[in-house]
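Results of the structural survey
Residues per chain are reported as follows:
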Amino acid sequence: MDSSLFFGLSTMAYISAMMVYFTYVAFKKSQIGVIATGITIIGFISQTFAIIMRWKEFADLSGMGFLRSAPLTNLYESMVFFVWCLILGYLIIEFKFKNRSFGAFITPIAGLALAFIDLTGVSKEIQPLVPALKSNWLLAHVTMSFIAYAAFSMSFSTGLMYLITTTEKRSESAYIFWTITLGLFAVLLVSMGIDFFTFKVKVRPEIFIHSYLFRTSFLHSSSVINIISYVLAIAALVLVWRYGYILRTVITKFNVTPDMLDEITYRSIAVGFPIFTLGGLIFGAIWADQAWGVYWSWDPKETWSLITWFIYAFYLHSRMIRGWKGKKVAIVAVMGFMAVIFTYLGVNLLLSGLHAYGSR
Amino acid sequence: MEQQKNNTIADKIWDFLSSVKLAIVIFALISLTSIIGTILEQKGDPERNLEILTRLFGKFLAPTLFTVSEKLGFMDMYHSWWFTGLLVLFSVNLVICSLDRLPRIWKLVHEPIGPLPEENLRKFVISREITIKGKPDTVKDTVASALRKARFHAGEVQEEKDWMFYAQRGKYSRLGVFITHFSILIILIGAMIGIRFGFKGYLNLPEGDVSNVALSGTDREVPFGFEIRCDNFNVDFYGRSDMPKEYRSWLTVIKNGREILRKSIAVNDPLTYEGITFYQSSYGIVPGSLGQGIFVFNTISRDGKSTTVNPRLGESFQVSGTALTAKIIDFSPALRIDEHGHAATYANQMSNPAVFIEFSEGGKNPFSGWILKRHPETWQLPDGSRVEFIDYWGVEFTGLQVRKDPGVWVVYFGCISMSLGLFIAFFMSHRRLWIKVVEEKNTSRVIIGATANKNRAAFERKIDKILSILGKQQEGGK
């Protein structure tokens, strides 16, 4: 028996929980809701098991002691931990607010993230650590960063839901913002999916982005296909914009009031922000200081986490001092999470294509 | 804000610098310009940056964009005058914003809490009312003990037959935000101390060499006031791969000709002496030195007698306990045998050091071959004796980051106080409550009014807990 069995089990549990949550939202039968929560908890427990086992496997293999062998050292492991934090956060919210409907929003993120790692060629092997990562700071820095990321992604979902439920007119800027955001996400995912199925390659994500990404659509060698892709993408955006209200009717079925969404958005950021400051920025700086003798060097990862920090600081200030509420701050919360995604994935995957980051 | 229109220039400047709008503009400017700095390689090769711009904006626009961004200092933007200016403006805004709000908050913190009229209690967002059996004189004790249990030190006054309690907790939590803001300032001050009184440099120190300076920037030499010597350098790899597991330098600090301190350093484990810290950062082969090093071999005879020898390339040595003479013919820092059986060097690092040795005995050459440092199975000779390849010394250099930063403790202090400030600001709140016990016929009415500046729901739960204690006490009492 090894960790991969339990990882597989948790992925399946989250995906089936997603379907049960959907059914629950559609039929509103409380028994179905209980089943959905049960499946999520089973998935969470088996994922916890899997993480602990992988931790132990890594400790046995590396002989570095338990504290330094936290399974948080590559894209795959960090993604798994992110999902774990997200589900934990969701279960807490479900318990506190006695509302199951968010499950229909959160479990897809969890299931998709895990399925995404399975589909792409992200290496699942336990990899030996480069010397710079051998530090006690690894555990503190990475766990706290990801707890904060999970809190931020919660605020992203509720912020987006808030925008979806409160915007009425198509000419409203908040409506245009969320439809375009959602539309762009959809276009990106679909075109990446087409790339995967066309090339059927399993390579490291850096290589995929460098030499395959969008080669079936926006970057295809034939300019006709380029133009068609752009036209289709714009058409998709217009479509989401035109029929976005359908989503609103779906979410109003969730039984959540905008006030509650606003409250959860704020609370998640209020929890995530101090944790991110301490674990992400401060611990990261102390670690860099120990490893390289520079606590701040304006490298892309540091700079992007500072940008993320500024956006959430902006959210908190505009809410607390300027008394902004509702749509304006919800937009900021959504943008904050985009910066989080870029800090986590974009810097390593996209900017490293521009210049070799992480070589030091 | 109720304040009269200020018209002097000083007031206008103050208002401008203390505005949240300015803070937002600075947030946005720092973020947006920083994004450009993460795309363009900082202090990088101009051609690489031109290439990046070409990839992003096409051949046509790239040269113009390149000239523009070079003029604006985007190639080293975090050290440019305007980015420094933004950071200064940011700190000024931070200070003035905080000072502008401090008096009001200070008043809130120090305002003593006192009794309130009954009708005011009902106006609070958190407001409760219950009726309890018993006269106020007895109920009051129950209330006082419930408040003590909830860890509120309440003041109490008698108003005719009624009683009034008032209490507050966490009033200093209102200062958390100021602690946070001033911590940012402390961190920036620490950074400035580091820039002004410290230095960052690097030093590529070959094994066996001594140096008393590091290079800072392109060619500025910074003296240490002592000497540092690299006694040895070694890389451990993961299994058979070329992935380094750990690299370590053995350093000695020498002052006035005396050895003061010896320490081996590795990544994440630096050496500090007199405020100067040496970090293990990289390594490599000293150019032109490949033939100049000294080998360290352990030769072991069949009956286990071992001798250490230190020959150089081209020299010969005796294998202990035998009549074998070994001559070192060739050396490769990274040996690979290709599919045709030819030996080749595949890297310019000491990834797989190998030495070709020809053994002879009384004019005959019985055997010869490659001996690899990382492959002990090649150490075994056909006649049963062994030649262990321990090291090839004096060829590699250790790449050290050298830093002196007297401000780092200020920065750390700022980090600690910032964490503290954030914790106070987000997880603690100023809670105030008033309880009035009013006499009715045979019972007492208890009215609670309460307020919290943050996390009201949690305080509401606490109030309900106090209420449930009151309810229970009363049942138990009767």
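In what follows, the structure referred to is the one given above.
Residues numbered from 1 in each chain as written. Chains lettered and ligands numbered in written order. Predicted model: local features only at pLDDT ≥ 70, side-chain atom pairs only at ≥ 80, totals over all residues. Heavy atoms only, no water.

Moving on to the overall build of chain B. Of the regular secondary structure elements, chain B holds nine helices and 22 strands. For chain B, whose C-alpha radius of gyration is 38 Å, the value lies well above the compact-globule estimate of 23 Å for 478 residues. Expressed as lengths along the three principal axes of its C-alpha atoms, the size of chain B is roughly 125 × 65 × 50 Å. Counting across all 478 residues of chain B, residues that qualify as buried make up 44%. Within chain B, counting contacts between residues at least 6 apart in sequence, those at least 24 apart form 59% of the total. (Helix = DSSP H or I, 4+ residues; strand = E, 2+ residues; numbered from the N terminus. Rg over C-alpha atoms; globule rule 2.2 N^0.38 Å. Buried < 20%, exposed > 50% of the residue type's maximum accessible area, 1.4 Å probe, protein only. Contact = heavy atoms within 4.5 Å.)

Okay, the packing of aromatic side chains next. Each pair of aromatic rings is reported with the distance of its centres and the angle of its planes. Following the criterion strictly, the structure yields 49 aromatic pairs over all chains and no others. Ring plane angle 20° and centroid distance 4.0 Å describe the contact between Phe295 of chain B and Tyr392 of chain B, whose orientation is recorded as stacked. In this pair, Phe295 of chain B sits in strand S11 (residues 294–300) while Tyr392 of chain B sits in strand S19 (residues 386–393), placing the two residues 97 residues apart along the sequence. Across the pair, Tyr392 of chain B and Phe295 of chain B agree in class, each one buried. Members of the aromatic cluster, joined through ring pairs, are Phe44, Phe81, Trp84, Phe146, Tyr149, Phe152, Phe276, Tyr312 and Tyr344 of chain A. Across the ring face of Phe197 of chain B, the terminal group of Arg196 of chain B is positioned such that the distance to the ring centre comes to 5.1 Å. (Phe/Tyr/Trp six-rings, centres within 6.5 Å; stacked < 30°, edge-to-face > 60°. Lys NZ or Arg CZ within 6 Å of the ring centre and 35° of its normal.)

Right, let's talk about unusual backbone geometry for a bit. A positive phi angle is found at Lys28 of chain A, which is not glycine, with a value near 60°. With respect to the helices and strands, the residue Lys28 of chain A is situated in the loop between helix H1 (3–27) and helix H2 (30–62). Even without being a glycine, Glu160 of chain B presents a positive backbone phi close to 55°. On the basis of relative accessible area, Glu160 of chain B is assigned to the exposed category, the value being 77%.

What follows deals with the interface of chain B and chain A. Where the parts come together, the accessible area they lose is often given as the size of the interface. Opposite the 51 residues of chain B that make contact, chain A presents 45 residues. Around 4,200 Å² of area is buried between chain B and chain A when both sides are counted, 69% of it from carbon and sulfur atoms. Considering only the surface of chain B that becomes buried against chain A, Thr38, Asn268 and Phe426 of chain B emerge as the three largest contributors, covering 16% of it. Taken together, the connections running from chain B to chain A amount to one salt bridge. Among the ionic pairs, Asp289 of chain A bridges to Arg403 of chain B, the shortest N-O distance being 2.4 Å. Where chain B meets chain A, there are nine residue pairs in polar contact (both at pLDDT 80 or more). Here the element with the most residues in the side of chain B that touches chain A is helix H2 (residues 20–39) of chain B; it accounts for 10 residues. Each residue belonging to the side of chain B that touches chain A can be placed in one class, and the counts come to 30 nonpolar, 10 polar and 11 charged. (Buried area = accessible area lost by both parts, 1.4 Å probe. Salt bridge = Lys/Arg side-chain N within 4 Å of Asp/Glu carboxyl O. Polar contact = N/O pair within 3.5 Å; in protein donor to acceptor, adjacent residues only side chain to side chain. Nonpolar A, V, L, I, M, F, W, Y, C, P; charged D, E, K, R; others polar.)

Moving on: a nonpolar patch on the surface. Residue and element names in this part refer to chain A. Nonpolar side chains collect at one region of the surface, where Ile176, Ile180, Leu184, Ile234, Val238 and Trp241 lie side by side and expose about 500 Å² of accessible area between them. At the level of secondary structure, the elements contributing two or more residues to the nonpolar patch comprise helix H6 (173–199) and helix H8 (223–243). Residue placement: Ile234 occurs in helix H8. (Patch = residues over 30% accessible without salt bridge, like charges linked within 9 Å, V, L, I, M, F, W, Y side chains within 5 Å. Areas by Shrake-Rupley, 256 points an atom, 1.4 Å probe, with all protein chains shown as cover.)

Residue and element names in this part refer to chain B. Strand order in the open sheet made by the three strands is S12-S11-S19, with antiparallel pairing throughout. What marks the edges here is a single partner per strand, and that holds for strand S12 (306–309) and S19. Strand after strand, the sheet turns through a mean of 15° between neighbouring axes, direction not considered. Pairing of S11 with S19, which is carried by seven bridges, proceeds in the antiparallel orientation. Paired with Phe295 across the bridge in S19 is Tyr392. (Pairing = 2+ DSSP bridges. Axes fitted to C-alpha atoms, helices over the stretch in contact; angles between N-to-C directions.)

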